[in-house]
Amino acid sequence: MSETELHPPVAHFYPAGCYFKSLDDIKDKKIVVMGLGLNGGGEASVRFFLNHGAFVIATDMKSESDLQTTVDSLNNDKNLDTSRLTYRLGEHRIEDFENADCVIKNPGVKYDGNKYLAAAKAIETDISLFLAFSKAPIIAVTGSKGKSSTVSAIYYGLKASGFSAFLGGNITVSPLTFLDQTDSTTPVVLELSSWQLADLRGRKLLKPKVSIITKIIPDHQNFYHSMLAYVNDKKLIYADQTKKDFAIFDFDSDPAADGGTLIDNWGDIFAKECKATILRYSKKQLPEGVLGVWQDKKGRGLARLSTKILDSLPQDYEKTTETVLKDLIVPGKHMRSNVLNAALVLRIMGVSPERIIEVLGRWNGIEHRLEFFHECKIGGTTYRFYNDSAATVPEAAAEATQAFGKPVIFLTGGTDKGLDLSPVASGIADNGKNIVPKAVYLLAGTATDKMISDFNAKKIAYKGPFNSLEELLTALKADLDSEASQSGQARQAGQNEGKAKSDEAQVVVFSPGATSFGMFKNEFDRGNQFKACVKKIFGKV
């Protein structure tokens, strides 16, 4: 890698507003959708523009065979006028970009140094289009950890509380798919990555009623090469908020947030800059005068709001501090923090504390985030499998091992994205505080190579690395079968000590702590392959 490649990307400022003055303005325009992809965003943009009468070129460096699922979905839809659709797959052509009225950019494509984007007359994204043409109140969430869980809990809570709400963004649902169903009464929850936010810089389109920045730690440093550049993109979530809006930031310091900046509390930085009404979240009681939510020693969630905020809500309440969260189905202290932020949003939206406790107490989490999906019995022991494939940073993987309150069988590893992987080893090492995993199995990858060095230094035992999920899970099955056989022999010999241990269900959690590129299409594909492979090797529930 050359020295120039290590520089952070140059921030690009887009013109204010949207290229299209109205939806009718789209008709007969020449559109290039850059990045057809498999996650739905590119496909949604193609559908949107075809349905509004545009001529569309869908271009992607991936081949048609790589994108077959998306191509078939479009071609087999009889309601689409595909005579206006041209595929340019396996390549980009500069003349397509030069001749287009507007290019729809995929957020994963870097603008800096991109000759195709430089040739475009105008650039939009599915998010910028949605924000330009929807009147819906926006609840926007970004951060390094917990974004998807937070938005999903908010969405679930809103729907269960009677709102006609929608969920989209980085959670693989393009908001263009529900644009025509939104109005000023339908709250829309958007998960926004740093890249999606960067594509909104200068447009002045994102003015959320509520913004949340979940915990910030180093991420995507293979793209940014600078913690400050990464955080500057995150800050765009509140850049155009006003005092009538709300912004929710972390209150707790965390050395893991540093990233070479000597800053361990980004929430304080955000709170000083943001013009919205500031609320904070914490794992301990907030100081008097600080509004927001925290967890007490029993894990309950409490909210403190000002009388001014409470007076604006539909119901009358005498207390400014209220319990808004009690028992949860989903495991883990970090998950409780995400759901507590969801509780705060519901309170701002006028849901009563009693209703919040009831509704969020029923939420059972989301796919690929500590997702319980399979159970089987081997010998006398029940094994419960959890898919945490969306854990793409090391801190999240370490937290997954501690979420169950007992030793787990920990499956981890993947592709490096320029992060310090030491939090994984530090989070599972036998230091008198951590819950040490019962066993560790490693999936091969460049991040795994860094983990192995850390594991060796801390004398952490592991098996692997294995070159595929099937190879890893086959080895795990063989080990569990062997353990069951030995336990059975011990019981037959009258040694019942092992029987008591086998009665308690064991947890197997796949939490990679790294990206999926190379072996998988993305973290969702990785999670789906893991679930399919577990069910194949470990049989039916």
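## Observations regarding the overall build of the protein
- A count of helical and extended segments in the protein gives 19 helices and 20 strands.
- Relative to the 2.2 N^0.38 estimate, which gives 24 Å for 541 residues, the radius of gyration of the protein is 24 Å and therefore close to what a compact globule would have.
- With the C-alpha coordinates aligned to their principal axes, the bounding extent of the protein is approximately 80 × 60 × 50 Å.
- Within the protein, buried positions represent 55% of all 541 residues.
- Taking contacts inside the protein between residues at least 6 apart in sequence as the whole, the part at least 24 apart equals 71%.
- Accessible area for the protein stands at about 23,500 Å²; split by element, carbon and sulfur atoms hold 49% of it.

## Remarks on the side chain of His92
- Relative to the helices and strands, His92 is located in the loop between strand E3 (85-89) and helix H3 (94-99).
- Engagement of the side chain of His92 in a polar contact is seen with the side chain of Thr59, the distance being 2.7 Å.
- What His92 contacts, discounting residues up to four positions off in sequence, is Met34, Thr59, Asp60, Met61, Phe97 and Tyr116.

## Looking at the nonpolar core
- Ranked by size, the top nonpolar core spans 56 residues in total, and within it Ile31, Val46, Phe49, Val56, Leu131 and Leu206 carry the most contacts.
- In contact with Val56, not counting residues within four places along its chain, are Ile31, Val33, Val46, Phe49, Leu50, Arg84, Leu85 and Thr86.
- Among the nonpolar cores identified, the runner-up in size contains 42 residues, and Ile248, Leu291, Leu305 and Leu325 belong to it.

## Comments concerning the sheet that holds strand E17 (residues 409-412)
- In spatial order, the strands read E15-E16-E20-E17-E18-E19; together these 6 strands make up an open sheet with mixed pairing. This sheet does not close on itself; its edge strands, each paired only once, are strand E15 (371-378) and strand E19 (463-466). On average, adjacent strands in this sheet sit at an angle of 15° to one another, irrespective of strand direction.
- Across 4 bridges, E17 lies against strand E18 (residues 439-443) in parallel orientation.

## Focus: the packing of helix H1 (residues 41-51) against helix H2 (residues 68-75)
- It is at 10 Å that the axes of H1 and H2 come closest, and there the two elements cross at 20°. In terms of axis orientation, H1 runs roughly parallel to H2. Considering the relative orientation of H1 and H2, their crossing is right-handed. Contacts between H1 and H2 involve Glu43, Val46 and Arg47 on the former and, on the latter, Thr70, Ser73 and Leu74.
- In terms of residue class, the contact of H1 with H2 is made up of 2 nonpolar, 2 polar and 2 charged.

## Quick look at the packing of aromatic side chains
- Counting across every chain of the model gives 18 aromatic pairs.
- Between Phe130 and Phe178, the aromatic rings sit 5.7 Å apart at their centres with planes inclined by 80°, giving edge-to-face as the arrangement. On the criterion of sequence distance, the pair formed by Phe130 in helix H5 (residues 126-133) and Phe178 in the loop between strand E7 (166-169) and strand E8 (188-191) is long-range, its members being 48 residues apart. Accessibility assignment for this pair places Phe130 and Phe178 in one class, buried.
- Aromatic rings pair up to connect Tyr19, Phe20, Phe48 and Phe49 into one cluster.
- Sitting over the ring of Phe13, Arg201 keeps its end group 5.7 Å from the ring centre.

## Comments concerning the confidence of the model for the protein
- Of all residues in the protein, 94% attain a pLDDT of 70 or more, and the chain-wide mean is 91.
- Contacts for the low-pLDDT stretch residues 497-502, under 50 throughout, to residues beyond four places or in other chains number 6 contacts.

## With respect to the pairing of E3
- Strand direction decides the pairing type here: strand E2 (residues 55-60) and E3, joined by 5 bridges, are parallel. When the sheet's bridge partners are listed, Val56 is paired in E3 with Leu85.
- What joins E2 to E3 is H2, and the crossover it makes is right-handed.

## Focus: the pairing of strand E12 (residues 292-295)
- By the alternation rule, side chains of E12 split into Gly292 and Trp294 and Val293 and Gln295, which are all buried.
- Sheet topology note: the strand E11 (residues 277-282)/E12 ladder contains 3 bridges and is parallel. Paired with Ser282 across the strands is Trp294, a residue of E12.
- Hairpin connection, E12 to strand E13 (residues 301-304): the antiparallel pair is bridged by 5 residues, and Gly299 has positive phi, about 85°.

## Here we look at the pattern of salt bridges
- This model, assessed by the stated rule, comprises 30 salt bridges.
- Here Asp416 makes a salt bridge to Lys450, at a shortest N to O gap of 3.3 Å. You can see Asp416 sitting in the loop between E17 and helix H15 (422-428) and its partner Lys450 sitting in helix H16 (residues 446-457), a full 34 residues away along the chain.
- Where Lys477 meets Asp481, a salt bridge forms, and the shortest distance between an N and an O atom there is 2.9 Å. Placement of both Lys477 and Asp481 in helix H17 (residues 469-492) is noted, with a separation of 4 residues, approximately one turn of the helix.
- Exposure remark for Asp481: the relative accessible area of 32% places this residue in the partly exposed category.
- Three or more residues are tied together by salt bridges with common partners; here these are Asp28, Asp81 and Arg84.

What counts as what
Residues numbered from 1 in each chain as written. Predicted model: local features only at pLDDT ≥ 70, side-chain atom pairs only at ≥ 80, totals over all residues. Heavy atoms only, no water. Helix = DSSP H or I, 4+ residues; strand = E, 2+ residues; numbered from the N terminus. Rg over C-alpha atoms; globule rule 2.2 N^0.38 Å. Buried < 20%, exposed > 50% of the residue type's maximum accessible area, 1.4 Å probe, protein only. Contact = heavy atoms within 4.5 Å. Areas by Shrake-Rupley, 256 points an atom, 1.4 Å probe, with all protein chains shown as cover. Polar contact = N/O pair within 3.5 Å; in protein donor to acceptor, adjacent residues only side chain to side chain. Core = buried A, V, L, I, M, F, W, Y, C linked by side-chain atoms within 4.5 Å. Pairing = 2+ DSSP bridges. Axes fitted to C-alpha atoms, helices over the stretch in contact; angles between N-to-C directions. Parallel < 35°, antiparallel > 145°, perpendicular 65-115°, else oblique. Left-handed = near helix turned anticlockwise from the far one by under 90°. Nonpolar A, V, L, I, M, F, W, Y, C, P; charged D, E, K, R; others polar. Phe/Tyr/Trp six-rings, centres within 6.5 Å; stacked < 30°, edge-to-face > 60°. Lys NZ or Arg CZ within 6 Å of the ring centre and 35° of its normal. pLDDT = per-residue confidence, 0-100. Right-handed = clockwise from strand over helix to strand, strands pointing away. Salt bridge = Lys/Arg side-chain N within 4 Å of Asp/Glu carboxyl O.

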